[in-house]
Amino acid sequence: MVNFSKEEVEVLIVGAGPSEKKWNVKSRNVTSGEMELYACHFLILAIGENNEGYIPKVVVIENFKGEIIHSSDYKSGEKYKDNKVLVVGLVNSGMEISFDSSKYGSHPSIIVRSPIHVVTREMVNVGMVLLKYLQISLVDTVIAKFAKFKFGNLAEFGIPQPEEGPFSFKISKGTSLVIDVGAIDKIKL
């Protein structure tokens with residue numbers, strides 16, 4: 001069972017089943033109070049690599065009159081309607097925030113410091129299947145070519161790509177692949 005509800009769900013208990021090789025997750029819908037029990041073979045804790053918000057000290061930041069927030073505090077682009085927004089870092093959070101804020105009429109700019117791989121969710125899924133049967137170098141080549149075909153040369157738009165293939169890069173650098181949610185089309189406008 002997959003729950004894609006937009007309602008907030010609180011996880012109450014996570015534990016291994018008594019005799020099964022499954023995880024049991026008990027949750028509660030915060031709005032309705034309804035309790036749900038999930039039994040699954042895999043448990044993914046997707047709380048983010050850096051779930052603790054950190055804003056580095058920047059010289060003369062106290063002179064900036066606008067709002068500064070960490071991506072973990074971002075709720076909706078509605079608050080930034082008709083404003084200029086600077087997103088520092090084009091990781092998945094940055095990609096999603098820039099796209100969401102633009103849907104509400106803001107004017108986002110993105111600063112990209114390091115080379116990154118931008119892919120689609122489907123490319124990641126295909127790559128994961130291929131990795132079961134093929135060498136990582138071959139999978140990297142295939143997925144990188146798909147990404148180039150889909151997005152073109154992103155370096156022309158200030159998004160440099162690493163020389164190392166997407167999955168090798170993730171392994172060696174510990175950096176997630178950036179999944180496009182529609183922001184690349186907006187960046188290209």
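What counts as what
Residues numbered from 1 in each chain as written. Predicted model: local features only at pLDDT ≥ 70, side-chain atom pairs only at ≥ 80, totals over all residues. Heavy atoms only, no water. Helix = DSSP H or I, 4+ residues; strand = E, 2+ residues; numbered from the N terminus. Buried < 20%, exposed > 50% of the residue type's maximum accessible area, 1.4 Å probe, protein only. Contact = heavy atoms within 4.5 Å. Areas by Shrake-Rupley, 256 points an atom, 1.4 Å probe, with all protein chains shown as cover. Axes fitted to C-alpha atoms, helices over the stretch in contact; angles between N-to-C directions. Parallel < 35°, antiparallel > 145°, perpendicular 65-115°, else oblique. Left-handed = near helix turned anticlockwise from the far one by under 90°. Pairing = 2+ DSSP bridges. Right-handed = clockwise from strand over helix to strand, strands pointing away. 1 Å grid on protein atoms, 1.4 Å probe; cavity = no way out; pocket = protein on both sides within 12 Å on 5 of 7 lines; lining within 4 Å. Points joined across faces, edges and corners; volume = space filled by probe spheres on them. Nonpolar A, V, L, I, M, F, W, Y, C, P; charged D, E, K, R; others polar. Core = buried A, V, L, I, M, F, W, Y, C linked by side-chain atoms within 4.5 Å. Patch = residues over 30% accessible without salt bridge, like charges linked within 9 Å, V, L, I, M, F, W, Y side chains within 5 Å. Salt bridge = Lys/Arg side-chain N within 4 Å of Asp/Glu carboxyl O. pLDDT = per-residue confidence, 0-100.

J.: Mind showing me how you'd approach the overall build of the protein chain here?
T.: If you tally the helices and strands in the protein chain, you get 5 helices and 7 strands. When the helices and strands of the protein chain are read in sequence order from the N terminus, they spell out β-β-β-β-α-β-β-α-α-α-β-α. Taken over 189 residues, the protein chain has a buried fraction of 26%. Considering only contacts within the protein chain whose residues lie at least 6 apart along the sequence, 49% involve residues at least 24 apart. Put simply, the protein chain shows about 13,700 Å² of open surface, and 57% of that area lies on carbon and sulfur atoms.

J.: What should I look at first to understand the packing of helix α2 (residues 121-130) against helix α3 (residues 136-151) in this one?
T.: For any two helices packed against each other, one specifies the inter-axial angle together with the distance between the axes. α3 packs onto α2 with a crossing angle of 165° between their chain directions and a minimal axis gap of 10 Å. Between α2 and α3, the angle is such that the two are roughly antiparallel. The handedness of the crossing between α2 and α3 comes out as right-handed. In this structure, α2 uses M123, V126, G127 and L130 to contact α3, whose residues at the interface are V139, V142, I143, F146, A147, K150 and F151.

J.: Explain helix α4 (residues 166-173) here, please?
T.: Residues spaced three or four apart along an α-helix point in a common direction, a consequence of the helix completing one turn every 3.6 residues. Of the positions making up α4, those classed as buried are P166, F167, S168 and F169. The inward-facing, buried residues of α4 contact α2 and α3. Taken from the residues just after α4, G174 is the one with a positive phi, measuring 70°.

J.: Mind showing me how you'd approach the pairing of strand β5 (residues 107-111) here?
T.: The side chains of a regular strand alternate, residue by residue, between the two faces of the sheet. Strand direction decides the pairing type here: strand β4 (residues 84-88) and β5, joined by 5 bridges, are parallel. Pairing of L86 across the sheet is with S109, part of β5. A crossover links β4 with its parallel partner β5, the connecting element being helix α1 (residues 92-103), and its sense is right-handed.

J.: What's the story with the environment of G152 in this structure? I'm lost.
T.: Summarising the element assignment, G152 is placed in the loop between α3 and α4. The contacts of G152, once residues within four sequence positions are left out, are A147 and K188.

J.: Explanation requested: the layout of surface pockets in the structure shown.
T.: Left-over empty space is what a probe sized like a water molecule reveals as it rolls over the atoms. If you add up the space inside the second largest pocket, you get close to 160 Å³. Only α1, β5 and α5 (183-188) provide two or more residues apiece to the lining of the second largest pocket. Of the residues in the lining of the second largest pocket, the class split is 9 nonpolar, 4 polar and 1 charged.

J.: So what exactly am I meant to see when it comes to the nonpolar core here?
T.: Inside soluble globular proteins, nonpolar side chains tend to come together where they are buried. M95, V118, V119, F151, I159 and I184 are the most contacted members of the largest nonpolar core, which totals 20 residues. Of all the secondary-structure elements, those providing two or more residues to this core are α1, β6 (118-119), α2, α3, β7 (178-179) and α5. The element contributing the most residues to this core is α3, with 4 residues. Those residues in contact with V119 that lie beyond four places of it in its chain are V124, I143, F151, L177, V178, I179 and D180.

J.: Sorry, what's going on with a nonpolar patch on the surface here?
T.: A contiguous nonpolar surface patch, about 410 Å² in accessible area, is contributed by V129, Y133, L134 and L138. As for its position among the elements, L138 is in helix α3.

J.: Where do I start with the confidence of the model for the protein chain in this structure?
T.: Segments scoring low in pLDDT should not have their predicted coordinates read at a detailed level. Per-residue pLDDT for the protein chain has a mean of 80; in total, 76% of the residues score no lower than 70. By mean pLDDT, the top-scoring element of the protein chain is α3 (96), and the lowest-scoring one is strand β1 (residues 9-16) (68).

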